[in-house]
Amino acid sequence: MSRGGTPDIEKRHGASQSMIPTLLNARKIPSVFFALFTALCLTTSSVFATDQNLERPVEELKPSLQQAIASVNVVQLLSRNHYRKIELDKESGEKVFQRYLDRLDPNRSFFLQSDIDQFAPYKEKLDSSLKSGDLKPAFEIFNRYTVRAEERARYMLAQVKQGVDKLNLKKNEDLIVDRKEQPWLANKKAQRDLWKKQFKDSVLTLKLNNKTDEEIADQLKRRNTNLLRRLHQSKSEDVFQTYINSFTGIFDPHTQYFSPQTAENFDINMSLSLEGIGAVLSAEDEYTKVVSIVPGGPADKAGKLKPGDKIISVGQGQKGALEDVVGMRLDDVVKLIRGKKKTLVRLEVIPGSSKSSNTRIYEIIRDKVKLEEQDAKSHILEFKQNNKNKRIGVIEIPTFYIDFKAAQSGDPNYKSTTRDVRKLLEKLKKENLDGLIIDLRGNGGGSLQEANELTGLFIDQGPTVLVRDSRGRTERQQDPDPTQVFSGPMAVVVDRLSASASEIFAGAMQDYGRALVIGGQTYGKGTVQSIQPLNHGQLKLTLAKFYRISGQSTQNQGVLPDIAFPSLYDGRDIGESKLPDALPWDTIKPIPYRKYSDMKPYLQPLDDKHRKRTDEDPDFVYLNEMKEYLSRYENQERVSLNEAKRKHEIQTMRSQRLAIENRLRKAKGEPLLNNLDELEAAEQEESSSETKKKKKETDAFIKEAGMVLVDLVQIQTKQKTANR
């Protein structure tokens, strides 16, 4: 079963493609300390290493012979086996060089232009260094990074010592938040000017979250001490993994090297019995970022933590002090978050959907991620049309799961998506359905075998997906069962988080003309990975691409809906197309298959009816307003360092958000809110299981998808009558 992360289907040491769980990063990992852990596994309590003498300089790190051999192995494996053929020459070496600098200093806050100039000779020969296993360039650049990072941490501590109350927060100046496209720092003065502004921003952010000067000083002291501690705890493996992944990343974003320790954690996360909060985490800059939420896990049930959120502090139980984790190593943050079943953890986060200074605290009860929590579920929606009741069945599929061990051992009652959906269909068919909706929103994929077999429930026979390897050889997956369990009208509802196996199923239903695809553009994860052992760690590399039976790739572009719904993910850094060096969308020769229906003639009248209905529908108006609101504030390049101006900007944002919420409430006849604090309290209350269940039953997207499907049935019925 896929357990979150970037959705994926992969092979492991030549194993079957059927069901391999995976944890991948949903976007590039610019952190020095690349790692990919989840707060899902183990029950170890949080114990940190004893503080070292942080007054002494950070020691220089050196490569090992094992790492040198592993680097040569990685180069050879990629050149022979990767789907994308890249010659390791001067041009690709220069690209690796730039990638490495970007991973170490993504926001261009550390290196001086003089540092970059000094490193320039390495750029000319990085291709030959990689081929020969010469790691000297990587370690020299990293050691310079640690010098600059240490200087910054000590500068920030000195600023704290001078007194946060001494800062001039009345001065009209701005801070460029995203410096990825900015030039490298010209000199020490430019460096200090930037650091001073970044310090002001940190103080202002905490101040606007109602922290006292004393609390701000204490928090920033601990935060920068954490940064110093992290630098002192750096290992040569951190350097090697970051450097090698700068190389693997030029092939595609899913090709990654795992050091022995990271590989061990990766393997631990493969187990079906996991404890924690059910979230995949990665390091980005100084923050711990939520990559994805595991369906059915504690965080998913709590309903608040979202992909893109940045965790800035962690507290144990209701009353435990919140511990600042900005600048802390990712593995140490994970130790704080994971813990014993049924215990409470509090996470203070900067929401990924907001650029404001306001943080939120979410409470999550740790628990096991259970297979049954990800079961497919069903219910029935009823609609009135022309004074007649129309009944639409809805089957929600959170992931494409299979109890692989039970299936291999011959257990006749093993669980799988297809088996569960078949049972649900048999029950729903007795309810005189007029149509069926398969809800794949948020479904990150999982088993290719299950995507293939699920497709087979809705066609009598035929191909389901094509897999093309690096040599251009194409293999087709076929519906294994000639029976068609459900033949009625269908819709498949997807969003930007629907990926991999979800895209295979949705694409097949669209190509066969078996279902309307409704919702948002899908993720675009259309590649197959394999994990190969090395002398030192593991390499995950991309071996093949998926293609729909129509010849279109699911890679990069994903599946485009027939009827588009508004999406809050539009414009955000989510999806394969947002990842650097993602393999492109392309097409191959289609294979013969029988279309059940041609949906194209129906799309315009269906879309017209949909738009007419939703133009004044409170939920859709709300979504469109929120989409505009987020796009306006998420893409801010600068923030003001003037306290009064910043307060005004935040108040304006909050007022606009409150107005949007109250317009929705007024339209629905619900009591209006006086402020956003009331909204946050209401959202906390709505995260209860019972309330979430009721909200799902009145889900605006599913209701509208049902109406679109009812319209389709009506149009098709009229057409059949006219043709008689």
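Because the structure is predicted, anything quoted here is derived from the model rather than measured.

Engineer: What is the right way to read the nonpolar core from this model?
Structural biologist: One finds Ile395, Leu425, Leu436, Ile438, Phe458, Val492 and Phe505 to be the most contacted residues of the largest nonpolar core, which totals 45 residues. At six residues, helix α14 (residues 501-512) tops the list of elements feeding residues into this core. In this structure isoleucine 438 touches Ile395, Ile397, Phe458, Met490, Ala491, Val492, Val493 and Phe505, once residues within four positions along its chain are discounted. With 40 residues, the next largest nonpolar core counts Leu101, Phe110, Leu126 and Phe139 among its residues.

Engineer: What am I meant to see in the sheet that holds strand β15 (residues 435-439) here?
Structural biologist: Within a sheet, adjacent strands bond to each other through the backbone by hydrogen bonds, running parallel or antiparallel. One open sheet holds the six strands; their spatial order is β13-β14-β15-β18-β19-β22, and the pairing between them is mixed. Each edge of the open sheet is held by one strand with a lone partner, namely β13 (377-385) and β22 (563-564). In the sheet, strand β19 (residues 516-519) pairs with β22 via two bridges, with the strands oriented parallel. Following the sheet pairing, glycine 519 is matched in β22 by alanine 564. Relative to the sheet, α14 contacts β15, β18 (490-494) and β19, its axis offset from that of β18 by approximately 145°.

Engineer: Explain unusual backbone geometry here, please?
Structural biologist: Generally, phi is negative for residues other than glycine and the peptide bonds are trans, each holding for most cases. A positive phi is found at serine 500, a non-glycine position, where the angle reads about 55°. For serine 500, the location among the structural elements is in the loop between β18 and α14. Look at aspartate 581: it is not a glycine, yet its phi comes out positive at around 60°. The topology assignment puts aspartate 581 in the loop between β22 and α15 (600-614).

Engineer: Which parts of the structure should I look at to understand the packing of helix α4 (residues 136-162) against helix α6 (residues 213-232)?
Structural biologist: When two helices pack together, their arrangement is given by the angle between their axes and by how far apart the axes lie. Taken N-terminus to C-terminus, the directions of α4 and α6 make an angle of 160°; their axes are 9 Å apart at the nearest point. Judged by the angle between their axes, α4 and α6 are roughly antiparallel. As α4 runs across α6, the sense of the crossing is left-handed. Taking contact as the criterion, the partners of Tyr145, Thr146, Ala149, Glu150, Arg152, Ala153, Arg154, Met156, Leu157 and Val160 in α4 are, on α6, Ala217, Leu220, Lys221, Asn224, Thr225, Leu227, Leu228, Arg230, Leu231 and His232. Residue composition of the contact of α4 with α6, by class: 11 nonpolar, four polar and five charged.

Engineer: So what exactly am I meant to see when it comes to the side chain of asparagine 224 here?
Structural biologist: You can see asparagine 224 is positioned in helix α6. Since its relative accessible area comes to 6%, asparagine 224 is described here as buried. Polar contacts involving the side chain of asparagine 224 include one to the main-chain carbonyl oxygen of leucine 220, which spans 2.9 Å. Each residue touching asparagine 224, except ones within four places of it in the same chain, is listed here: Ala153, Met156 and Leu157.

Engineer: Where do I start with helix α1 (residues 65-81) in this structure?
Structural biologist: An α-helix turns once per 3.6 residues; consequently, residues spaced three or four apart project the same way. A rise of 1.5 Å per residue sets the reference length of α1, with its 17 residues, at 24 Å; its end C-alpha atoms lie 24 Å apart and thus fit the reference within 8%. For α1, the set of buried residues is Gln67, Ala68, Ala70, Ser71, Val72, Val74, Val75, Leu77 and Leu78. Against the buried residues of α1 lie α3 (113-132), α4, α7 (236-248), β4 (256-258), β20 (527-533) and β21 (538-547).

Engineer: Honestly, the pattern of salt bridges in this entry has me stumped. Any pointers?
Structural biologist: Oppositely charged side chains can pair when the atoms bearing their charge come close. Taken as a whole and judged by the stated rule, the model has 41 salt bridges. Aspartate 324 is paired through a salt bridge with arginine 223; the nearest N and O atoms lie 3.0 Å apart. Taken together, the positions of aspartate 324 in strand β9 (residues 323-324) and arginine 223 in helix α6 put the pair 101 residues apart, joining distant regions of the chain. Classification of aspartate 324 by relative accessible area gives buried; the value is 2%. Salt bridges sharing partners connect three or more residues here, namely Asp115, Arg144, Arg148, Glu151 and Lys188.

Basis of the calculations
- Residues numbered from 1 in each chain as written.
- Predicted model: local features only at pLDDT ≥ 70, side-chain atom pairs only at ≥ 80, totals over all residues.
- Heavy atoms only, no water.
- Core = buried A, V, L, I, M, F, W, Y, C linked by side-chain atoms within 4.5 Å.
- Buried < 20%, exposed > 50% of the residue type's maximum accessible area, 1.4 Å probe, protein only.
- Helix = DSSP H or I, 4+ residues; strand = E, 2+ residues; numbered from the N terminus.
- Contact = heavy atoms within 4.5 Å.
- Pairing = 2+ DSSP bridges.
- Axes fitted to C-alpha atoms, helices over the stretch in contact; angles between N-to-C directions.
- Parallel < 35°, antiparallel > 145°, perpendicular 65-115°, else oblique.
- Left-handed = near helix turned anticlockwise from the far one by under 90°.
- Nonpolar A, V, L, I, M, F, W, Y, C, P; charged D, E, K, R; others polar.
- Polar contact = N/O pair within 3.5 Å; in protein donor to acceptor, adjacent residues only side chain to side chain.
- Expected span 1.5 Å × (residues − 1).
- Salt bridge = Lys/Arg side-chain N within 4 Å of Asp/Glu carboxyl O.

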